[in-house]
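Below, each chain spelled out in residue letters.
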Amino acid sequence: MNKSFSSEFKDEAVKMVIETSRPIARVAKELGINEGTLGNWVSAYRRDHAGEEPPITVSERVRLRESEREIRELKMQVEFLKKAGVPRTLEAA
């Protein structure tokens, strides 16, 4: 029996492998599809997107959000210290 999968399903399945670095076999099992089928989709994606920057991973996205939040907090602290008249130094305390 030859199943037909939507392009959206294929895209999401490939993203699960590419973005999370999970093994093809594990993702295929979770989705209930043949490992070879998913492997072909991943190979085609990599071939079609060769040379492109890889998508940001979930852990990288989390780190980016945390870093952006920390930068915002530090900027607010700097502004507060400026208003309080605390002299700025570059040396670590």
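Coordinates for the structure precede this section.
Below you will find a few notes about this structure. (Residues numbered from 1 in each chain as written. Predicted model: local features only at pLDDT ≥ 70, side-chain atom pairs only at ≥ 80, totals over all residues. Heavy atoms only, no water.)

**Points about the nonpolar core**
Listed in full, the 10 residues of the largest apolar core are Ala 13, Val 14, Val 17, Ile 18, Val 27, Ala 28, Ile 33, Leu 38, Trp 41 and Val 42. Listing elements by their share of this core, those giving two or more residues are helix 1 (7–20), helix 2 (24–31) and helix 3 (35–48). The element that contributes the greatest number of residues to this core is helix 1, accounting for four residues. Sequence-distant contacts of Val 42, that is, excluding residues within four places in its chain, are made with Val 14, Val 17, Ile 18 and Ile 24. (Core = buried A, V, L, I, M, F, W, Y, C linked by side-chain atoms within 4.5 Å. Buried < 20%, exposed > 50% of the residue type's maximum accessible area, 1.4 Å probe, protein only. Helix = DSSP H or I, 4+ residues; strand = E, 2+ residues; numbered from the N terminus. Contact = heavy atoms within 4.5 Å.)

**So, the packing of helix 2 against helix 3**
For any two helices packed against each other, one specifies the crossing angle of their axes together with the interaxial distance. Where helix 2 meets helix 3, the closest approach of the two axes is 9 Å, and the angle between their N-to-C directions is 120°. Between helix 2 and helix 3, the angle is such that the two are oblique. Pair helix 2 / helix 3 crosses with right-handed handedness. Along its contact with helix 2, which presents Ile 24, Ala 25, Val 27 and Ala 28, the element helix 3 presents Glu 35, Leu 38, Gly 39 and Val 42. For the contact of helix 2 with helix 3, the per-class residue count stands at six nonpolar, one polar and one charged. (Axes fitted to C-alpha atoms, helices over the stretch in contact; angles between N-to-C directions. Parallel < 35°, antiparallel > 145°, perpendicular 65-115°, else oblique. Left-handed = near helix turned anticlockwise from the far one by under 90°. Nonpolar A, V, L, I, M, F, W, Y, C, P; charged D, E, K, R; others polar.)

**Things to note about the packing of helix 1 against helix 3**
Remark: helix 1 packs on helix 3, axes separated minimally by 9 Å, with the N-to-C direction vectors making an angle of 80°. Taken together, the axis directions place helix 1 and helix 3 in an arrangement best described as roughly perpendicular. Contacts between helix 1 and helix 3 pair Phe 9, Lys 10, Ala 13, Val 14, Val 17 and Ile 18 from the former with Leu 38, Trp 41, Val 42, Tyr 45 and Arg 46 from the latter. Looking at the contact of helix 1 with helix 3 residue by residue, the class counts come to nine nonpolar, no polar and two charged.

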